[in-house]
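Structural features, examined
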Amino acid sequence: MNGGIKMHTNPKSMKPVIYSTALALLVAWGIAAPAAAAETQPAVQDSQAEVRTPPDGDVPLTEVEVQDEKEQNPPQEGSAASGYRYRTGQAGPLGKMVLKDTPFSLHVTSGELIENRGAHTESEALKTNPTVATLMESNTYSSLSRVMVRGFTAADQSDLRDGLVDRSFTYVPLENVERIEVLNGLSGFLYGFSAVGGSVNYISKQPVSQPLTSLATGLYGGGIQYIHADLGGSVAGNSRITYRLNAYRENGGTYIENSSQDRSLIAVAVNYQLSPATLLKADYFHQDVTMRGLAAYIPLVNGQVPSADSFDAARQYGQSWTHNDSEKTLMGIGLESKLNDNFKLRAAYRYGDMWRRYDYIQPSGLTAAGSYQERYVYTPTQYEDTHSAYLLFDTAFTTAKIRHDITFGYWGTSFRYKRGADQFYTLGPSNIYGPSAYSRPAAGADVFQNPSATEYESFMVGDRITINPAWSALLGVNRARLTYKTWDINTGNPVSGAGYTNYKTTPSVALVYKPHPNVATYVSYMQGLESGGYVNNAGAVNNGALLPPYVSDQWEAGVKATMGNMDVTAALFRMNKANGYLDPADSIYKQEGKEIHQGLEVTATGKVNERLTLIGGFTLMKAKIIENKSNPVQNGKVPVNVPEQMAKAYLEYKMPKVSGVTVSAGVNYFGRRPVDTNATQAYMPGATTFDAGIRYVTAGKGHKTTYNLYVSNIFNKSYWSYYRSGDGLLLGAPRMVSLSAKVEF
């Protein structure tokens, strides 16, 4: 017999894990600091980094010094040997920049780290980033992952791939990804448009000139088996033409009973060196995904959050026949050319085509005794095609011993979207202690809604000003246009009054001061024109409608330091966006008032010593709603789903007496998160989970072979990971085991 569902009280905010993480970072800094006195810059190899001459154009004399083997052969950036550190990152249209020189919070997650942790989803891949919070997971009806940065949704279906918008409402593959770059906060100046939370840029694996062959196989997600081939080299012995091919296949059961996942991916990239000054690029990507037995959201109980301990993450609270099928294709081309001694050209275009269809169970009316009603939701096939492009020019010159690195040009994307109206069918009662099984109802004929198109276009100019080795600045301006159109599905004529076009000129300014070559401080201000986005709330009568655009702004001040082989950053930020909420009076999702988010982010990445690697940090934030005159009860409340505290730490230790063995451990904490903005807010409680792993690398018979075991949520903690307005709560994944073996030839 069961005793009914336990209910959560609203606990006060607790920060023990944050303090522990901060202490660990201070200890790591203290251990690393002595090495900084002997090292002005840790050795991390970046084979593509550009070297600038001094602003006055003089070429400095080269000092000759004796270097040991490690200095002569530094580890590749992003590798385990480097502590998963990166010296450079992509700053949007500004191109590759040294991370310490960027007046933004740009965090890079290594593809090797993702692989070593057995991560296969966006949220798992970014689990080591202490500025990122998990929202939606890929095993729900949407099939996409979604994350939050600084209390705002990041990317929100407008992820970037190699700097081009990659609209995606389906599973995001990682097998062809070299690294993930997360730019925290506004990026309107860089990309013209982006979700206010930040941008997520997936950098693809690039063609290589030397032969590369690796084969991997493994198991993850409860029972999903996979095989992965990664190949590269020159084509037919022609060193001017190089390629990279990733082929992947998986299938098997997930951790939810009677569920399964089947996915295949093919990704190809080719480079053709037309001349020493001109490089032509092309890429192709195709993925098929089939999911069965989708995770169901759990309703609140009379507006209160039930205890996650009353539920089993492995139990199917919906129906095993629910599904999500999707298919996605990308094709792109790019060109990089040094036109002359003064100008460099960068251009790229990518086309994307995708569709998905799904059905799912929407539980409702959950009682303290555990009973609820099941409603079946059928969604007809959704279609979308995307065009994304940029055309940029780079030039540099020196005036009065002040260097100007200028980038100017065009960036744009457009997409057309078509979907059908959801259909709803009541199935009947169920209970969390013994969910009912129902047959799938026969859905009616598909009724498609008016198709729509959204266009983002911007013209930008940015000037990176180097005054002297200590002082530099960034000035930028972006002229952006946002257009939304919709057509009558029967006549093909534009729908009167349903579209709009908005223009906005937004500035960006930043100042950087380096008191020491290994320390950079900065302050920056940025504005951005943001799309209002589509209403994504099943309880809203205007669900699917496009909200009007708005202008957000952000202030940020930070410090970036290298201590020995550790990179440490800290950033203070204050930003705002339009407040969106579901009005209980009429069930219309509206915009009124503002959300103000301000806080502190601290991160650390690198080698504490030769054997110990640390990646971690914390976020402390205050978020509130202001100026909502129609619903003043919201004012002063924390926005839904926002955790005001987060802390994460991931450690690897290379065993001293067991050759090739590395052990790892992780701790992940997020604070309580509200599920409403009522007078008395209800909260999901905070949660702490722990991970552990072991990796063994050998070079038997001349081939590097890596065996990897990683266990997430090792103590099988029950917790809520997300609240979706109109649907309910999502259970976090239970204890998960990932096993893999990889051979490199």
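Residues numbered from 1 in each chain as written. Predicted model: local features only at pLDDT ≥ 70, side-chain atom pairs only at ≥ 80, totals over all residues. Heavy atoms only, no water.

**Some points on the overall build of the protein**
Along its length, the protein carries 5 helices and 37 strands. Classification of the 745 residues of the protein by burial places 54% in the buried group. Nonlocal contacts in the protein, meaning residues at least 24 apart in sequence, comprise 68% of its contacts between residues at least 6 apart. When the accessible surface of the protein is split by element, carbon and sulfur atoms take 56% of a total near 31,100 Å². (Helix = DSSP H or I, 4+ residues; strand = E, 2+ residues; numbered from the N terminus. Buried < 20%, exposed > 50% of the residue type's maximum accessible area, 1.4 Å probe, protein only. Contact = heavy atoms within 4.5 Å. Areas by Shrake-Rupley, 256 points an atom, 1.4 Å probe, with all protein chains shown as cover.)

**With respect to the side chain of Thr-603**
With respect to the element layout, Thr-603 can be found in strand β27 (residues 588-607). A polar atom in the side chain of Thr-603 sits 2.5 Å from the side chain of Thr-569. Every residue in contact with Thr-603, bar those within four places of it in the chain, is listed here: His-107, Pro-130, Thr-131, Asp-567, Val-568, Thr-569, Gly-616 and Gly-617. (Polar contact = N/O pair within 3.5 Å; in protein donor to acceptor, adjacent residues only side chain to side chain.)

**Here we look at the nonpolar core**
Among the nonpolar cores identified, the biggest contains 92 residues, and Leu-94, Phe-311, Tyr-317, Leu-366, Val-675, Trp-720 and Leu-729 are the most heavily contacted of them. Excluding its chain neighbours within four sequence positions, the residues that come into contact with Leu-729 are Ala-296, Tyr-297, Ile-298, Leu-300, Val-305, Pro-306, Val-675, Met-684, Trp-720, Tyr-722 and Tyr-723. Within the second largest apolar cluster, 15 residues are counted, among which are Ile-114, Ala-125, Leu-174 and Val-182. (Core = buried A, V, L, I, M, F, W, Y, C linked by side-chain atoms within 4.5 Å.)

**Observations concerning a nonpolar patch on the surface**
Residues Ile-467, Trp-471, Leu-511, Tyr-513, Val-523 and Trp-555 make up a contiguous nonpolar surface patch of roughly 540 Å² in combined accessible area. Of note, Val-523 is situated in strand β24 (residues 519-530). On the basis of relative accessible area, Val-523 is assigned to the partly exposed category, the value being 37%. (Patch = residues over 30% accessible without salt bridge, like charges linked within 9 Å, V, L, I, M, F, W, Y side chains within 5 Å. Salt bridge = Lys/Arg side-chain N within 4 Å of Asp/Glu carboxyl O.)

**Some thoughts on the confidence of the model for the protein**
Summing up the model confidence of the protein, the mean pLDDT is 88 and the portion of residues at 70 or higher is 90%. Every residue in residues 31-42 is under pLDDT 50, and counting partners more than four places away or in other chains gives 19 contacts. (pLDDT = per-residue confidence, 0-100.)

**Side note on the packing of aromatic side chains**
Applying the stated criterion across every chain yields a total of 22 aromatic pairs. With a centroid separation of 6.3 Å and 15° between ring planes, the pair formed by Tyr-696 and Tyr-707 is classed as stacked. In this pair, Tyr-696 sits in strand β33 (residues 687-698) while Tyr-707 sits in strand β34 (residues 704-712), placing the two residues 11 residues apart along the sequence. In this structure Tyr-707 comes out as partly exposed when scored by relative accessible area, which is 43%. Through a chain of ring-to-ring contacts, the aromatic side chains of Tyr-141, Tyr-297, Tyr-358, Tyr-360 and Tyr-722 assemble into a single cluster. A cation sits over an aromatic face here: Arg-167 above Phe-415, 3.8 Å from the ring centre. Between the NZ or CZ atom of Arg-673 and the centre of the ring of Phe-670, over which it lies, the distance is 5.2 Å. (Phe/Tyr/Trp six-rings, centres within 6.5 Å; stacked < 30°, edge-to-face > 60°. Lys NZ or Arg CZ within 6 Å of the ring centre and 35° of its normal.)

**As for the pairing of β33**
Across 10 bridges, the pairing between strand β30 (residues 661-670) and β33 is antiparallel. Each bridged residue has a counterpart across the sheet, and for Val-661 the counterpart in β33 is Tyr-696. Note that β33 and β34 share 7 bridges and pair antiparallel. What sits directly across from Thr-698, in β34, is Thr-705. Connecting β33 to the antiparallel partner β34 that follows it, the hairpin turn spans 5 residues, and Lys-701 within it adopts a positive phi of roughly 60°. (Pairing = 2+ DSSP bridges.)

**Quick notes on the environment of Phe-408**
As for its placement among the helices and strands, Phe-408 is situated in strand β19 (residues 402-418). Between the C-alpha atoms of Phe-408 and Val-461, which are 53 residues apart in sequence, the distance is 4.2 Å. In contact with Phe-408, not counting residues within four places along its chain, are Phe-343, Leu-391, Leu-392, Phe-393, Met-460 and Val-461.

**So, the side chain of Asn-641**
By the secondary structure assignment, Asn-641 is in the loop between β28 (612-626) and β29 (645-654). One polar contact links the side chain of Asn-641 to the main-chain carbonyl oxygen of Tyr-723, over a distance of 2.4 Å.

**Examining the pairing of β28**
Two strands pair when backbone bridges link them, and β27 and β28 are joined in this way by 14 bridges, in the antiparallel orientation. Paired with His-597 across the two strands is Ala-623, which belongs to β28. In this structure, the hairpin formed by β27 and β28 is closed by a connection of 4 residues. Note that β28 and β29 share 9 bridges and pair antiparallel. Across the sheet, Ile-615 pairs through a bridge with Tyr-650, a residue of β29.

**Things to note about the sheet that holds strand β6 (residues 152-154)**
Taken in spatial order, the 3 strands line up as β4-β5-β6 in an open sheet, and their pairing is antiparallel. Two strands bound the open sheet, and with one partner strand each, they are β4 (132-134) and β6. Adjacent strand axes in the sheet meet at a mean angle of 45° when their direction is disregarded. Looking at chain direction, β4 and strand β5 (residues 147-149) are connected through 3 bridges and run antiparallel. Paired with Thr-134 across the two strands is Val-147, which belongs to β5. (Axes fitted to C-alpha atoms, helices over the stretch in contact; angles between N-to-C directions.)

**Brief notes about the pattern of salt bridges**
A pair can form between side chains of opposite charge whenever their charged atoms are brought close. Enumeration over the complete set of coordinates arrives at 33 salt bridges. The shortest N-O distance in the salt bridge between Asp-162 and Arg-350 comes to 3.3 Å. Taken as a pair, Asp-162 in the loop between β7 (158-161) and β8 (164-167) and Arg-350 in strand β17 (residues 343-364) lie far apart in primary sequence, 188 residues in all. Using a relative accessible area of 22% as the deciding quantity, one classes Asp-162 as partly exposed. With relative accessibility at 5%, the residue Arg-350 sits in the buried group.

**Description of the environment of Ser-364**
Note on placement: Ser-364 falls in strand β17. Here Ser-364 falls in the partly exposed class, since its relative accessible area comes to 35%. In this structure, the C-alpha to C-alpha distance between Ser-364 and Arg-375, residues 11 residues apart in sequence, is 7.6 Å. With near-sequence residues (within four places) excluded, Ser-364 lies in contact with Pro-299, Tyr-372 and Gln-373.

**Describing unusual backbone geometry**
Located in the positive-phi region is Lys-401, a residue other than glycine, with phi close to 65°. Within the secondary structure layout, Lys-401 lies in the loop between β18 (371-399) and β19.

**Remarks on the environment of Ser-264**
By secondary structure assignment, the location of Ser-264 is in strand β14 (residues 260-275). Judged by its relative accessible area of 23%, Ser-264 falls in the partly exposed class. Between the C-alpha atom of Ser-264 and that of Tyr-248, which follows or precedes it by 16 residues, the distance is 5.6 Å. In this structure Ser-264 touches Tyr-248, Arg-249, His-286, Gln-287 and Asp-288, once residues within four positions along its chain are discounted.

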